[in-house]
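# Fold and geometry: a report
The lines below spell out each chain.
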Amino acid sequence: MTNVNFILADGTRRSIEEAAGRTVMQAAMSHDVSGIVAECGGNLMCATCHVYADPDTADRLPPISEVEDEMLDSTASPRLPTSRLSCQLTIGDDPGDMTFTIPEAQL
C-alpha cells in the first residue's frame, strides 16, 4: 500500500492508503477527496483531474505523454511545472508517499 496525500485548495490535508495499480484519480474518487472532478472518467479528455505534484513526488513520476501535455494546456487553474493529470498517474509498488495539491478550480 502507498500513502497518497492530498492538499486541498483550502489547505486541508487528506491522506489515504491505496494499492498499486490504481490511478491517483481513482484513489481520490473512491475516497471522496474533494476537488477532483474527473468528468471524462479518466479517459484523458477533460483535464478536470488536474493536480500539482509535490517536487519529491514529481521526480518519481513517469514522463508526461504528448496527449497529457496538450490537455494540461487547457486546465482551469494555472499550469505549473509540476502539473499532472491524476488519471495518468498509476500508483506503483514503491512504498514511498505521494503528495499532490488540488488546484482551486477544475472547470
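Residues numbered from 1 in each chain as written. Predicted model: local features only at pLDDT ≥ 70, side-chain atom pairs only at ≥ 80, totals over all residues. Heavy atoms only, no water.

### Some thoughts on the environment of Asp 93
- Considering the arrangement of structural elements, one finds Asp 93 in the loop between β4 (83–85) and β5 (98–101).
- For Asp 93, a relative accessible area of 71% puts it in the exposed group.
- Sequence separation between Asp 93 and Arg 14 is 79 residues; the distance between their C-alpha atoms is 21 Å. (Helix = DSSP H or I, 4+ residues; strand = E, 2+ residues; numbered from the N terminus. Buried < 20%, exposed > 50% of the residue type's maximum accessible area, 1.4 Å probe, protein only.)

### With respect to the pairing of strand β2 (residues 13–18)
- Note: strand β1 (residues 2–7) against β2, six bridges, orientation antiparallel. Across the sheet, Asn 3 pairs through a bridge with Glu 17, a residue of β2.
- In sequence, β1 turns back onto β2 through a hairpin of five residues, with Gly 11 there showing a positive phi of about 95°. (Pairing = 2+ DSSP bridges.)

### A closer look at the pairing of strand β3 (residues 50–53)
- Alternating positions in β3 separate into two faces, His 50 and Tyr 52 on one and Val 51 and Ala 53 on the other, with burial throughout.
- Relative to β4, β3 runs antiparallel, the two sharing three bridges. Of the residues in β4, the one forming a bridge with Val 51 is Arg 84.
- Direction of pairing for β3 relative to β5: antiparallel, over a ladder of two bridges.

Nothing here speaks to function; it is all geometry.
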